[in-house]
Amino acid sequence: MILNKICDLTTNRQPLTLAELPVPSPSPNEILIKIRVCGVCHTELDEIEGRTPPPHLPVVLGHQVIGVIADIGAQVTRLNIGDRVGVAWIFSACGQCDYCLTHRENLCPDFKATGRDVHGGYAEYMTVPEPYAYPIPSTFSDEEAAPLLCAGAIGYRSLQLSLLQNGQTLGLTGFGASAHLVLQMARYQFPQSKIFVFARSKQEQDFALQLGASWAGDTDEDPPEGLDCIIDTTPVWKPVLKALKNLKPGGRLVINAIRKEETDQSYLTNLQYPEHLWLEKEVKSVANITRRDVKEFLLLAAQIPLKPEVQTYPLPHANQALMEMKERKIRGAKVLVM
Ligand SMILES: [Zn+2]
Ligand SMILES: [Zn+2]
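Predicted model, so just to flag it, every value in this text is computed and none were measured. Note on numbering: residues in each chain are counted from 1, in written sequence order. Each chain is given a letter, starting from A, and each ligand a number, starting from 1, according to the order in which they appear as written. Local features in a predicted model are, by the rule used here, given only for residues with pLDDT of at least 70; side-chain atom pairs are given and counted only at 80 or more, and totals for whole chains, interfaces and linings are based on all residues. Only hydrogens and water are removed before side-chain values are computed, so all heavy atoms of the structure are retained for them.

### Remarks on the coordination of the zinc ion (ligand 1)
The zinc ion (ligand 1) binds to the protein through C41 (SG), H63 (NE2) and C150 (SG), with metal-donor distances spanning 2.0 to 2.2 Å. Each donor residue of the zinc ion (ligand 1) belongs to the same chain, and together they define the spacing C-x21-H-x86-C. Here C150 lies in helix α3 (residues 142–162) and C41 lies in the loop between β3 (30–39) and α1 (42–48), a separation of 109 residues in the sequence. Judged on exposure class, the residue C41 and its partner C150 are both buried. Only nitrogen, oxygen and sulfur atoms qualify as donors, provided they sit within 2.8 Å of the metal or within 3.2 Å for Na, K and Ca; with water excluded from the atoms, sites may seem incomplete. Secondary structure elements are taken from DSSP: a helix is a run of H or I of four residues or more, a strand is a run of E of two residues or more, and numbering for both begins at the N terminus. A simple rule labels every residue: compare its accessible area, found with a 1.4 Å probe on the protein chains alone, to the largest value its type can have, and call it buried under 20%, exposed over 50%, or partly exposed in between.

Structure, rendered in structure tokens:
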């Protein structure tokens, strides 16, 4: 399925077109993957509607890819034909800049994203450089593994950046695909920590309590105690201010959002130094992911084990899956099956 042009999904409900493309052949350092499944992510909506536009069109979207290696280039040494691997949002980085040399290739100026800067996984085949493909633990089916590659891996990075210590309190503002995996990770890694979930819908709040949150309430509500760390996954500004207010002195807010709505920036005029930042409160955003995040997270996910709920669609129904995501008809992570 290819994206031919940036469009508005409220008027165009068929943004992707089924197309016949040649099977790509791998460069010397690349592998060719016969794709089995590909997860559907909110970022695809941002790409289609032009908030993070692909630099070249047409492009094949999709960055939560699971498949089997069908061919390898001459310089490939670690992986073999027949291996099951995954590909995530990070497709490649330069490998030479300061960021790349310090395990921060997510910040590389030459960072390339799968399914945006290069063809991704809404297809039968794709190629990727060998170092950016990851063996998938056998604990997971293809469908279960796909959503872990984005929501799970970036959630893992957010939790790392929050510097949460066992016993400290953690808040989660917004409770979507990433946050519900973070909650399970945090409960496993920090069993003494209480987790407080802020979500708009009663359904999400109930789900959070089922998964072991100590408290769940609306994004406007006050938690019963102050929070050491908060991870925000909402696309808006209002809960950011509220989160800063809820932080304890020395607390840390990690914003895991590719963008924030500009229309509600007016909330920022309410930013008060004494209330929101004084006493060493910190704010940090999360950008992309590194290879190390994906590798470490997949091992952790297999240990816990994390089992995402999934809903599958055949590849030609990709538009339907995207529209349902847009309209928040969400029952588990959406996965396309080739
Ligand atoms: Zn994603
Ligand atoms: Zn680099």
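### Quick notes on the coordination of the zinc ion (ligand 2)
Protein-derived ligands of the zinc ion (ligand 2) are C94 (SG), C97 (SG), C100 (SG) and C108 (SG), with the metal-ligand distances lying across 2.3 to 2.4 Å. Every geometry call rests on angle ranges, with four donors termed tetrahedral when all angles are between 85 and 135 degrees, four termed square planar and six termed octahedral when opposite donors are over 155 degrees apart and all others are between 65 and 115, and everything else termed irregular. Geometry at the zinc ion (ligand 2) is tetrahedral, judged from the four donor atoms that bind it and their angles of 106 to 114° at the metal. Read from N- to C-terminus, the donor residues coordinating the zinc ion (ligand 2) fall into the pattern C-x2-C-x2-C-x7-C. C108 carries the same exposure label as C100, and that label is buried.

### Examining the domain arrangement of the protein
Each assigned domain of the protein is listed with its residue range as follows: domain 1 (2–149 + 289–337) and domain 2 (152–285). Domain boundaries shown here were taken from an automatic or database domain assignment. Relative placement of domain 1 and domain 2: their C-alpha centres are 27 Å apart. When a carboxyl oxygen of Asp or Glu lies within 4 Å of a side-chain nitrogen of Lys or Arg, that pair is called a salt bridge. Where domain 1 packs against domain 2, one counts two salt bridges. Residues R157 and D293 are paired through a salt bridge, measuring 2.9 Å at the closest nitrogen-oxygen approach.

### Observations regarding the nonpolar core
In terms of nonpolar packing, the biggest core is built from 92 residues, with Y122, M185 and V197 touching the most fellow members. Top contributing element to this core by residue count: α3, with ten residues. Viewed by domain, this core spans two of them, domain 1 (2–149 + 289–337) and domain 2 (152–285), each represented by three or more residues. Among the nonpolar cores identified, the runner-up in size contains 13 residues, and F198, L227, V240 and L253 belong to it. Think of a nonpolar core as a cluster: buried Ala, Val, Leu, Ile, Met, Phe, Trp, Tyr and Cys residues, connected wherever their side-chain atoms sit within 4.5 Å.

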